[in-house]
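# Architecture and fold: a report
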Amino acid sequence: MKQTSKKTKVGRDEKSDVVVELTPAKSGGLRVTLESSVKDLFGEQIERTVLNTLQALGVQHAQIHLQDNGALDFVIQARIEAAARQAGHVVELERSEGRKKKGFRDRLRRTRLYLPGNNPDLMINAGLFAADCLILDLEDSVAPSDKFAARILVRNALIKLDFGASERIVRINPLSSPFGKEDLEMIVPALPDTLLIPKCETAKDVLAVDRMVTELEKKARVSAPLYFMPLIESAKGVWHAFEIASASPRNVALCFGAEDFTADIGAERTVEGTESFVAKSLVLLAAKAAGLQAIDTVFSDVQDMEGLVAGTQ
């Protein structure tokens, strides 16, 4: 098995997370050191989780230091796996053991709660909000340097957490980026309900994801349907909205993203939204012509409740 001698560091010094430093060794077995405010109560359990995870990954010799901030087991496992992978270990943990899918085509999608894919603290109790859709985000909310570890954490969250009746959506990175292919390989076997596909500009963007998902489903022996929500965020995407909407039978909704769209056309985002009215109308018509739900852009000013209400009328 390929292995480097370089120390790897993964995780965040934030609540419900853990910082893992792993240094591969040629001998000496596994040596674990732990810093945690709950070490006296849970130190043995944390170390047992670390050792079991490393053994499952095939890591036999390494020094591991953890700075724990109240991380649950699924977070510790994800951070350990990311550190081990970056050190050259490629054995995988749970792949197709995701929870039973709850998605269906025409479910309500009135409310969507975005959860940054690298922040476990926001994931743990997300189901309590009872949003129609919970979107585990691997794209805009995750820095490029954190995407590797984030997709492992999101996979583990899909497997381990109960999000209630909410639709479990993962926003992947575009396949045109360096990250989209790896997102799909990690996420599809964990059985999300739906994929949010950003930066869609032509039908080819949807079809490329469809082909890869179909291959991954066959490999993982997944039979439950995985739905798509293409996200249109550019003038070109708006122009090709209907062909995007009708590109795949997996499509259940067509989304519009005003932030990137206004940047693309060189306009300023306004409360009135006149700069995006025509684009939103075309996306709406394309969605309805293709038999899909039409999903409006997010309202980004969380302090403006009056504006939010006005924007829904």
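Refer to the structure above for everything that follows.
In what follows, the accompanying structure is described. (Residues numbered from 1 in each chain as written. Predicted model: local features only at pLDDT ≥ 70, side-chain atom pairs only at ≥ 80, totals over all residues. Heavy atoms only, no water.)

### Examining helix α9 (residues 258-265)
Among the residues of α9, Ala258, Phe261 and Thr262 are the ones counted as buried. The arc that holds the buried residues of α9, viewed along the axis, is 95°, so those residues lie on one side. As for α9, its buried residues are in contact with α7 (235-239), β10 (253-256) and α10 (277-289). Phi turns positive, to about 75°, at glycine 266, one or two residues after α9. (Buried < 20%, exposed > 50% of the residue type's maximum accessible area, 1.4 Å probe, protein only. Helix = DSSP H or I, 4+ residues; strand = E, 2+ residues; numbered from the N terminus. Arc of directions from axis to C-beta. Contact = heavy atoms within 4.5 Å.)

### Remarks on helix α5 (residues 180-187)
Among the residues of α5, Gly180, Asp183, Leu184, Met186 and Ile187 are the ones counted as buried. The inward-facing, buried residues of α5 contact α2 (73-86), α4 (147-160), β7 (167-171), β8 (194-197) and α6 (203-220).

### Thoughts on the sheet that holds strand β4 (residues 62-68)
The mixed open sheet is built from four strands, whose spatial order is β1-β2-β4-β3. Both outer strands of the open sheet, β1 (8-10) and β3 (30-35), are each paired with one neighbouring strand and no more. Averaged over neighbouring strand pairs, the angle between their axes works out to 15° when direction is ignored. Along the sheet, helix α1 (residues 39-57) makes contact with β2 (18-24), β3 and β4, crossing β3 at roughly 145°. (Pairing = 2+ DSSP bridges. Axes fitted to C-alpha atoms, helices over the stretch in contact; angles between N-to-C directions.)

### As for the sheet that holds β10
What the seven strands build is an open sheet, ordered β5-β6-β7-β8-β9-β10-β11; its pairing is parallel. Strand pairing shows two members of the sheet lacking a second neighbour, β5 (112-116) and β11 (293-295), which therefore form its edges. Adjacent strand axes in the sheet meet at a mean angle of 25° when their direction is disregarded. In this sheet, β8 lies alongside β7 in parallel orientation, the contact comprising three bridges. The residue of β8 that forms the bridge with arginine 171 is leucine 196.

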